[in-house]
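# Coordinates in review
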Amino acid sequence: TAPTRLDAYRAPAWRVETVELDFELAIDSTEVTARLHLRRDPALPLPLRLDGENLELLSIALDGATLPPDMFRYTDNVLEVDGARDGSVLETRVRLRPATNTALEGLYLSGSAEAGFLLTQCEAEGFRHITFFPDRPDVQARYTVTLRADRDRFPVLLAGGNPDGAGVLDDGRHWARFVDPHPKPSYLFAVVAGRLQSIERDYVTADGRAVTLKIWSEADVIDRCDYAMDALERSMRWDEQTYGRNYDLDVFHVVATHDFNMGAMENKGLNIFNAKYLLADPDSSTDDEYRHVESVIAHEYFHNWSGNRVTCRDWFQLSLKEGLTVFREQSFAADMNSASLKRIEDVSLLRRAQFPEDAGPLAHPVRPAQYSEINNFYTATVYEKGAELVRMLAGCLGREGFRRGMDLYFARNDGHAATLEDFLGALGEANHTDLTPYLAWYGQAGTPRLQARGKYDAAAHTYALTLHQHTPATSGQPQKHALPIPVKLALFDGAGQMMILHMDGQTAKPQTECVVVLEADEQTFVFHDVPTAPVPSLLRGFSAPVILDCDYDATELALLLRHDPDGFNRWEASQQLATLAYVELRDGGASHALEAWLDALSALFAHNDIEPALLANLLTPPGEVEWAEREASVDPARIHALRQQLQRHLAERIGADALHQCYLVLAAEASLSLDAASQARRRLKQRVLELLCLADADTAQPLAATQYSSAPGMTDRLGALTVLLRSAAAQAPAALAHYRQRYDDNALALDKWFMAQAQVPGETALDRVSTLQRDASFTLKNPNRVQSLLGAFVRANPSGFHRADGAGYRFLAGQLVQLDALNPQVAARLATAFNGWQRLEPGRREAARTVIDGLADRDGLSRNLREIVANVRK
Ligand code: HT7
Ligand code: ZN
């Protein structure tokens, strides 16, 4: 089928004003009756065409009369109906087979046929797997949903909207009805039915609405939902206080499932969560996982305004809701925890996940121009780069200006399906400024390279900073244009003090930080009254999603690393210095940067006056994926070895004794407390243990074994297990066996057991993963299990996956073929691990090419996997 194109968008000829849906629910066979009240656009004389996939049509009637067969056609996933007019009511009845739906799209079964429950997933185009409908986000309808089912098998019946009656039927069945007063697109529809338990909390919104918050899960995990409830309440208050947004129904349901293709789904009034992002308890969740639960709860809740009340006109506008909601979620997490640590985490993710996407054959703009399968475009580019673009806009407008703009955006587009132009238009208009130059960011793929060169004139006391931008060509976009790039900067003197800035033509009050915007290919910005040659601190807070190339020397970076008061930029200096040190090690020869990095970090470690989580981040060099991005001919095994060597130098420079002492102090305070300070100390303790293991494994391994067995919570337990595994400690097998037994009935904890082993670097990883893939607990039917073993191996273990003999690639291809037959969305996402194969060193490149060609030539692949394989091959 031909790809869908942004420039081919046409408004719908037919809309649905209201829809009544009746479900006769059962595991093997569910019947759905839909009554659509249709409106026709008189200006568009097109036939009534409804989407429908894998539907067994049982009956069809128009305006109360059964339709004869010659009045409708159901071919190629489209139902075309003759004779409909403005105001017509179309009634269809279809049969679904939830128990055999392994794709987890539409109506499906989570868990076993005996004990599991039914649920739906409709984004992006899943509603067409439930009934015939114009399944596009610009058709917004009011929904009334009636559920009927056996009372014992399905005691709980839920749909989005407010409850509107329930009762018992005389055949052991019961019913429940829900009315959603807010018109919504079909992708936000949801139903859940089964044996579930709940926890409940009353909430009163800032505008006085009493809301019942309910979190639902299967009985065995209901005691792990309390943290999510607290996080939900915090999110609701934050959105009221920060954006003036109130919740708008009488109930808000959240449901946990172990069978889900993504993280969570913001269905109106009935959010559905992958259990991984909802359940949390100290015994089985790490600190990172607690933070993820808080962020994902917030993200889905925030969608109620950025996505639901104001939705997307079409799927090309996906970042309108996702980029904006990620930005909102990031700001919330920054307010709840530490802003600079959050920024470090977000930028690291961008560099690890999005920069490689932008640099390879899968590169696409934040607003893509075309797609074959929309599910393939839920990418780091749409989400994470999209959030960076919103951050730039927010930065341009300032806190109050951005709020003014958001108020106008929500007011003007409430109840409508909007575009990115609507968004930038509202932000700009509310602030009497033109933001349309930033639209170019949404249409251009690739990460801009920003070159910065400074020139100090000692006689004139001026500093001229020349900025130049260049975006390399990406597939299908050979020509790139200059983008507006806001660069936040400061100048430091030789003693590490920030200078007062005086810029050309600027009369504002004295300041030590400013933003210059590069609007052309090249511009020079001149600062006056600069007493000595400065060290510039550029792109502070990562003010634009670009790759900065500044010809810093090691001394300058070390100065920023020691003195920059901004935690993020301090970390950034440490990353750049570590990268210079890596290049020195790689190329042999001088070791100025290495020495500067080791001196700076060992001094910071010794002074012990820095926030522990930041210190842990400073002591961590960039990851292997990031360094692979710099190489023209990538050898992942060599990158891994060099990174290990660099860290060993660091551990030795700090000294095994100092590391040991620091570890003992931190270990003495081991607690379960979740407050930021306790989390920070656990993080530093883990980093110190890892470094100690490089400097003196004989000392570190027994400490890790003790930490494993006496750990009060999962952060310490998993951290210790990881150190034992990665250093091939004699104690590792016993710890692994113990973990397996202890968490045998805890799916999420068992996922981490698979993951920890899949991530152990080196050539032997594949044998381990192959063995685990045959473990009785492994199944391709569960996306979390697939991610924890196969996803962790292909994405987070470069030296293991990219085995020199290509066996990793052949293994992945074999798994993809099997997985694709069960769950195309998950298969396609896993296949993106081939991204970047063109830059591998020649031996691996040829091995990867052969495997990818073999996949591309295969018949019977899903549209999802076929599109990724075809694109990655380019
Ligand atoms: N908006 C949600 C996206 C999502 C999804 C997309 C495709 C297939 C399955 C899916 N499950 C959830 C999640 C979010 O960004 O909030
Ligand atoms: Zn989202």
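Attention shifts here to the site of ligand 1. Taken together, 16 residues lie near ligand 1, and Glu123, Glu266, Glu300, Glu322 and Tyr383 sit nearest. One of the side-chain nitrogen or oxygen atoms of Lys321 is found 3.3 Å away from a nitrogen atom of ligand 1. Protein burial of ligand 1: of its 380 Å² of free accessible surface, 98% is covered by the chains. Mapped by element, the contributors of at least two residues to the shell around ligand 1 are strand E20 (264-265), helix H2 (287-302) and helix H3 (318-336). A per-class count over the shell around ligand 1 returns six nonpolar, five polar and five charged. There are two domains that each give the shell around ligand 1 at least three residues, and those are domain 2 (196-277) and domain 3 (311-443).

Let's shift gears to the coordination of the zinc ion (ligand 2). Ideal donor angles around a metal are set by the shape: a four-donor tetrahedron calls for 109.5 degrees, a six-donor octahedron for 90 or 180 degrees. With distances of 1.9 to 2.1 Å, the protein atoms coordinating the zinc ion (ligand 2) are His299 (NE2), His303 (NE2) and Glu322 (OE). Read from N- to C-terminus, the donor residues coordinating the zinc ion (ligand 2) fall into the pattern H-x3-H-x18-E. The same class applies to His299 as to His303, namely buried.

Attention now moves to the packing of aromatic side chains. The relation between two aromatic rings is expressed through the spacing of the ring centres and the mutual angle of the planes. With the rule as written, the count across this model stands at 35 aromatic pairs. Centroid distance Tyr409 to Phe423: 5.0 Å. Interplanar angle 75°. Geometry classified as edge-to-face. On the criterion of sequence distance, the pair formed by Tyr409 in helix H5 (residues 380-413) and Phe423 in helix H6 (residues 420-429) is long-range, its members being 14 residues apart. Owing to a relative accessible area of 1%, Phe423 belongs among the buried residues under this scheme. Considering the side-chain rings of Phe793 and Phe811, the 6.3 Å spacing of their centres and the 80° angle between planes classify their relative orientation as edge-to-face. Separated by 18 residues along the polypeptide, Phe793 in helix H21 (residues 783-796) and Phe811 in helix H23 (residues 807-822) bring together distant segments of the chain. Assessed through its relative accessible area of 14%, Phe811 is described here as buried. Through successive ring pairs, a cluster of aromatic residues spans Trp238, Tyr243, Tyr247, Phe252, Tyr301, Phe302, Phe327, Phe332 and Phe402. Between the NZ or CZ atom of Arg153 and the centre of the ring of Phe154, over which it lies, the distance is 5.2 Å.

Let us look at the sheet that holds strand E18 (residues 210-217). The five strands lie next to each other as E17-E18-E19-E21-E20, forming an open sheet whose pairing is mixed. Both edges of this open sheet fall to strand E17 (197-204) and E20, since each of them pairs with a single strand only. Pairing analysis gives two bridges linking E20 to strand E21 (residues 270-274), with the strands arranged antiparallel. Following the sheet pairing, Ala264 is matched in E21 by Phe273.

Our next topic: unusual backbone geometry. Cis rather than trans, the peptide bond between Glu123 and Ala124 has omega equal to 0°. Tracing the backbone shows Ala124 in the loop between strand E11 (117-121) and strand E12 (140-150). One non-glycine residue, Phe542, lies in positive phi territory at about 55°. As for its placement among the helices and strands, Phe542 is situated in the loop between strand E30 (535-538) and strand E31 (547-550). A relative accessible area of 2% places Phe542 in the buried class.

You can read the domains of the chain as domain 1 (16-194), domain 2 (196-277), domain 3 (311-443), domain 4 (451-544) and domain 5 (762-874). If you look at the interface, domain 1 gives nine residues, while domain 3 gives 15 residues. Summed over both sides, the interface of domain 1 with domain 3 buries roughly 900 Å², with 48% coming from carbon and sulfur. In this assembly, domain 1 and domain 3 are joined by one salt bridge. As a salt-bridge pair, Glu123 and Lys321 come within 2.8 Å of each other at their nearest N and O atoms. On inspection of domain 1 and its partner domain 3, the count reaches three residue pairs in polar contact (both at pLDDT 80 or more). Residue classes in the side of domain 1 that touches domain 3 are distributed as four nonpolar, one polar and four charged.

About the thresholds
- Residues numbered from 1 in each chain as written.
- Chains lettered and ligands numbered in written order.
- Predicted model: local features only at pLDDT ≥ 70, side-chain atom pairs only at ≥ 80, totals over all residues.
- Heavy atoms only, no water.
- Near = heavy atom within 4 Å.
- Polar contact = N/O pair within 3.5 Å; in protein donor to acceptor, adjacent residues only side chain to side chain.
- Areas by Shrake-Rupley, 256 points an atom, 1.4 Å probe, with all protein chains shown as cover.
- Helix = DSSP H or I, 4+ residues; strand = E, 2+ residues; numbered from the N terminus.
- Nonpolar A, V, L, I, M, F, W, Y, C, P; charged D, E, K, R; others polar.
- Domains from an automatic or database assignment.
- Donors = N, O, S within 2.8 Å, 3.2 Å for Na, K, Ca; no water.
- Buried < 20%, exposed > 50% of the residue type's maximum accessible area, 1.4 Å probe, protein only.
- Phe/Tyr/Trp six-rings, centres within 6.5 Å; stacked < 30°, edge-to-face > 60°.
- Lys NZ or Arg CZ within 6 Å of the ring centre and 35° of its normal.
- Pairing = 2+ DSSP bridges.
- Contact = heavy atoms within 4.5 Å.
- Buried area = accessible area lost by both parts, 1.4 Å probe.
- Salt bridge = Lys/Arg side-chain N within 4 Å of Asp/Glu carboxyl O.

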